[in-house]
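As a plain string of letters, each chain reads:
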Amino acid sequence: MAQTTPSTPFRNLVGGKLLDAVGGATREIVNPATGATIATVPEGDGADVQRAVEAALAARREWNATTPGERATALLKLADTMDAATDELAQLESANTGKPLPMAKDEVTASADLLRFFAGAARTLEGKSAGEYIKGYTSMVRREPIGIVAGIAPWNYPLNMAAWKMGPALAAGNVQILKPAEGTPLSLLRFAELAHASGALPDGALGVVTGDGPNVGAKLVENRAFGLVSLTGDVRTGKTIARAAADNLTRLHLELGGKAPIVVLDDADLEQTVAAIRVAGYWNSGQDCTAGTRIIATRGVYDRLLERLVPAIESLKVGDPAEGDRIEMGPVISAKQQQRAFGFLERATAAGARIVTGGGGDAIGPAGGSFVAPTLVADVAQDSEIVQDEVFGPVVTIQRVDDYEQALAYANDSRYGLAASVFTESVGRAMDAARQLQFGCVWVNDHLTPITSEMPHGGFKESGYGKDMSTYSLEDYTQIKHVAVRIGL
Ligand code: NAD
């Protein structure tokens, strides 16, 4: 850690100051590849939320009054700050999450790109044209910031998910308090410290408060100061927050879980399909809300696909990312997550499923690491737990179906609706599948890789509502007002 330790201890950013928790509590942060403690961070509670809200209230007027051009300049400075610290932020992210360093670097670069996108987007807000829709009055639409917004982030892409919230919130003129997941706050805390030092934002425009869901997250949701709470997390957490937010009718932006199908049709290019699944199912140890977790293959391609896919999965290099850049997949985030994945596999095999490859993980990597081998499970029923529920680990199922219609029916038979893909050489089939698949994103002949700042990301059904990235997200972080002026005609 010597290389990655920031110049000051990890502290929260509140009102332009780097502060310990009000109560002085701390939490130890662990590297999941080794089980070793790598840092301590403040462990906040309701008092920390209150302190951050007061600082945000004080900053709100100044930031709300900035012009889009000024906000763009600030976001560009934040992006430059992030880029300049890519190596340090990526090393922190890799140590805190167990993901390979090159992937962590890509995420920092993508996060800076996203801040740049929102710097530009800040200057392009659109609306209906002003006009005389009622005789004697001129009507116009103002698109305004919501005020104070909260962002609650998950642990799978800690800095990137925080950036997805920070970009649109600040671009729209809101002040924001971010809460990272309790186990993975290091990259965001360090970035907040660097952002503060850069002077890009007025004091209090961006706050970061660490702590767990019940003691900090829930306190953010129940605080009336917030006009919007944005969560990226589990469906269950989304539902808990929605119930709590109902008391104040606080607006929500919910990016929740997924169980993405990969539909493979008889005419698919198998080389392309196998290469895509090797990434889709196992990138970030499968801890991705859009991970391809359910392969649904039509009868004519199933055996040929399986024959090629198994060696491709078995070729993945799994281990402690500290071993070097040859490692393609690290541990899962914690021992708890590892045991959760093993539990899914035990119950699936007890119900008749067959583990084609993988299944274990205890023997991989350093003692104390939380590894799950890249796993493929066959002979699974459509209504089984392993097909219907999110494992959030490197576990993919494969199902054989009779035809295209059954493939789409299986794909759509899910309470989730975040992402899906279809592999076919037929343009017509691809377009028809894109229309019929009930997901917020459909990829054709690829999966996971085509994500970009310009395009919306967000779910249907229990995967939540609201969009991240793109100008649609910027709209979600604003509210519109009708102003009618009597013009005396
Ligand atoms: P989680 O729901 O356990 O935690 C997410 C955040 O919510 C954390 O910061 C946590 O502290 C907080 N939280 C927990 N309980 C809370 C409460 N009662 N009130 C307020 N805040 C609370 O999710 P996770 O395990 O960190 O992340 C994994 C989940 O995130 C998966 O389900 C994954 O699919 C989802 N995810 C979705 C997207 C997307 O874009 N849709 C992206 C990444 C991850």
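This structure is a prediction, so every number in the text was calculated from the model and none was measured. As a convention, each chain's residues are numbered from 1 in the sequence order in which they are written. Restriction of local features to residues with pLDDT of at least 70 applies here, the model being predicted, together with a cutoff of 80 or more for giving and counting side-chain atom pairs; totals for whole chains, interfaces and linings are based on all residues. Side-chain figures throughout are based on the complete set of non-hydrogen atoms in the structure, without hydrogens or water.

### Things to note about the overall build of the chain
Turning to step 1, where the next piece is worked out: Every helix listed is a DSSP run of H or I at least four residues long, and every strand listed is a run of E at least two residues long, numbered separately from the N terminus. Helix and strand content of the chain: 15 helices and 22 strands.
Turning to step 2, where the next piece is worked out: Computed over its C-alpha atoms, the radius of gyration of the chain comes to 23 Å, within 12% of the 23 Å expected for a compact globule of 489 residues.
Turning to step 3, where the next piece is worked out: C-alpha extents for the chain along the principal axes are approximately 75 × 60 × 40 Å.
Turning to step 4, where the next piece is worked out: Buried means the residue's accessible area, taken with a 1.4 Å probe over protein chains only, is under 20% of the maximum for its type, while exposed means over 50%, and partly exposed covers the values in between. Among the 489 residues that make up the chain, the fraction classed as buried is 56%.
Turning to step 5, where the next piece is worked out: Accessible surface area values rest on a Shrake-Rupley calculation with a 1.4 Å probe, where residue burial reflects the displayed protein chains alone. Roughly 19400 Å² of accessible area belongs to the chain as shown, and the carbon and sulfur atoms make up 51% of that amount.
Turning to step 6, where the next piece is worked out: His is not counted, nor are the chain ends, whereas Lys and Arg count as positive and Asp and Glu as negative. Charge placement uses NZ in Lys and CZ in Arg. For Asp and Glu, CG and CD serve respectively. Side-chain charges of the chain comprise 45 positive and 58 negative groups, with the mean position of each set lying 7 Å from the other. Radius of gyration means the value over C-alpha atoms here, while the globule rule gives 2.2 Å times the residue count to the 0.38 power.

### A short note on the packing of helix α13 (residues 404-412) against helix α14 (residues 427-436)
Turning to step 1, where the next piece is worked out: Fitted lines through C-alpha atoms give the axes, limited to the stretch in contact for helices. The angle between two N-to-C directions lies from 0 to 180 degrees. Their axes nearest at 11 Å, the elements α13 and α14 cross at an angle of 30°. On the basis of the axis angle, α13 is roughly parallel to α14. Crossing geometry of α13 relative to α14 is assigned as right-handed. Taken together, the residues of α14 that come into contact with α13 (itself represented by Tyr404, Leu408 and Asn412) are Arg429, Asp432, Ala433 and Gln436.
Turning to step 2, where the next piece is worked out: Classification used: nonpolar for Ala, Val, Leu, Ile, Met, Phe, Trp, Tyr, Cys and Pro, charged for Asp, Glu, Lys and Arg, polar for all others including Gly. When grouped by side-chain class, the residues that make up the contact of α13 with α14 number three nonpolar, two polar and two charged. Throughout this description, any angle smaller than 35 degrees is read as roughly parallel, any larger than 145 degrees as roughly antiparallel, any in the 65 to 115 degree range as roughly perpendicular, and the remainder as oblique. Two helices crossing with the near one rotated counterclockwise from the far one by less than a right angle form a left-handed crossing, whereas a clockwise rotation gives a right-handed crossing. Every residue pair with non-hydrogen atoms within 4.5 Å of one another is taken to be in contact.

### Focus: the confidence of the model for the chain
Turning to step 1, where the next piece is worked out: Chain-level statistics for the chain give a pLDDT mean of 96 and a share of 98% at 70 or above.
Turning to step 2, where the next piece is worked out: Overall, residues 1-7 carries pLDDT values under 50, and its contacts beyond four positions in sequence, including any with other chains, amount to 12 contacts. Each residue carries a pLDDT value, the predictor's own confidence for that position, ranging from 0 to 100.

### Some thoughts on the state of the cysteines
Turning to step 1, where the next piece is worked out: Counting rule for disulfides: a pair of cysteine sulfur atoms within 2.5 Å. Taken as a whole and assessed by the stated rule, the structure comprises zero disulfides.
Turning to step 2, where the next piece is worked out: Cys441 forms no disulfide, and the closest cysteine sulfur to it belongs to Cys289, at a distance of 10 Å.

### Quick word on the sheet that holds strand β6 (residues 137-145)
Turning to step 1, where the next piece is worked out: By definition, two strands form a pair when at least two bridges between them are found by DSSP. Read from one edge of the open sheet, three strands run β5-β6-β22, paired in antiparallel fashion. The open sheet terminates on both sides in strands that have one partner only, identified here as β5 (131-134) and β22 (478-486). Sheet twist, expressed as the mean angle between neighbouring strand axes with direction ignored, is 45°.
Turning to step 2, where the next piece is worked out: Of the strand pairs in this sheet, β6 and β22 are connected by nine bridges, and their pairing is antiparallel. Note on β22: the bridge partner recorded for Val141 is His482.

### A closer look at the sheet that holds strand β12 (residues 260-264)
Turning to step 1, where the next piece is worked out: Strand order in this open sheet of seven strands is β14-β15-β16-β13-β12-β18-β19, and the pairing throughout is mixed. Here the strands that pair on one side only, and so sit at the sheet edges, are β14 (354-357) and β19 (441-444). Taking each pair of neighbouring strands and ignoring which way they run, the sheet shows an average axis angle of 25°.
Turning to step 2, where the next piece is worked out: In the sheet, strand β13 (residues 292-298) pairs with strand β16 (residues 395-401) via five bridges, with the strands oriented parallel. The partner of Ala297 across the bridge, within β16, is Arg400.

### As for the domain arrangement of the chain
Many structure descriptions define interface size as the accessible area lost when the parts assemble.
Turning to step 1, where the next piece is worked out: Domain delimitation follows an automatic or database domain assignment. The assigned domain composition of the chain is domain 1 (12-256 + 463-482) and domain 2 (260-452).
Turning to step 2, where the next piece is worked out: In this structure, domain 1 and domain 2 have C-alpha centres spaced 30 Å apart.
Turning to step 3, where the next piece is worked out: Between domain 1 and domain 2, the residue contacts involve 25 residues of the former and 32 residues of the latter.
Turning to step 4, where the next piece is worked out: We define buried area as the total accessible area lost by two parts upon association, computed with a 1.4 Å probe and summed across both. In total, domain 1 and domain 2 occlude about 2100 Å² of area from one another, counting both sides; carbon and sulfur atoms represent 58% of this.
Turning to step 5, where the next piece is worked out: Among the residues domain 1 hides against domain 2, the three largest losses belong to Met103, Trp155 and Ser463. Together they make up 25% of the total.
Turning to step 6, where the next piece is worked out: What counts as a salt bridge is simple: a side-chain nitrogen of Lys or Arg found within 4 Å of a carboxyl oxygen of Asp or Glu. Here domain 1 and domain 2 share zero salt bridges between them.
Turning to step 7, where the next piece is worked out: Nitrogen and oxygen atoms within 3.5 Å of one another constitute a polar contact, given that in protein one can donate a hydrogen and the other can accept it, and given that sequence-neighbouring residues count only through two side-chain atoms. Summed over the shared surface of domain 1 and domain 2, the result is eight residue pairs in polar contact (both at pLDDT 80 or more).
Turning to step 8, where the next piece is worked out: Of all the secondary-structure elements, those providing two or more residues to the side of domain 1 that touches domain 2 are α3 (86-97) and α4 (101-121).
Turning to step 9, where the next piece is worked out: Taken together, the residues of the side of domain 1 that touches domain 2 sort by class into 12 nonpolar, nine polar and four charged.

### Re the site of the ligand
Turning to step 1, where the next piece is worked out: For this description, a residue counts as near a given molecule or strand if any of its non-hydrogen atoms is within 4 Å of it. In the neighbourhood of the ligand, 30 residues make up the surrounding shell, with Ala153, Glu182, Thr237, Leu256 and Glu390 lying closest.
Turning to step 2, where the next piece is worked out: A distance of 3.4 Å separates an oxygen atom of the ligand from a polar backbone atom of Gly213.
Turning to step 3, where the next piece is worked out: Relative to its free-state accessible area of 850 Å², the ligand is covered by the protein chains to the extent of 89%.
Turning to step 4, where the next piece is worked out: Note on definitions: the grid is 1 Å and covers protein atoms alone; a cavity is a set of points where a 1.4 Å probe fits but cannot get out; a pocket is an open set with protein on both sides within 12 Å along at least five of seven lines; lining residues have an atom within 4 Å of a point. Those molecules having more than half of their atoms within 2 Å of a cavity or pocket grid point set are described as sitting in that cavity or pocket. Judged by the proximity of its atoms to the pocket grid, the ligand belongs to the largest pocket.
Turning to step 5, where the next piece is worked out: Among the secondary structure elements, those contributing two or more residues to the shell around the ligand are α7 (213-222), β10 (226-232) and α8 (235-246).
Turning to step 6, where the next piece is worked out: Taken together, the residues of the shell around the ligand break down into 14 nonpolar, 10 polar and six charged.

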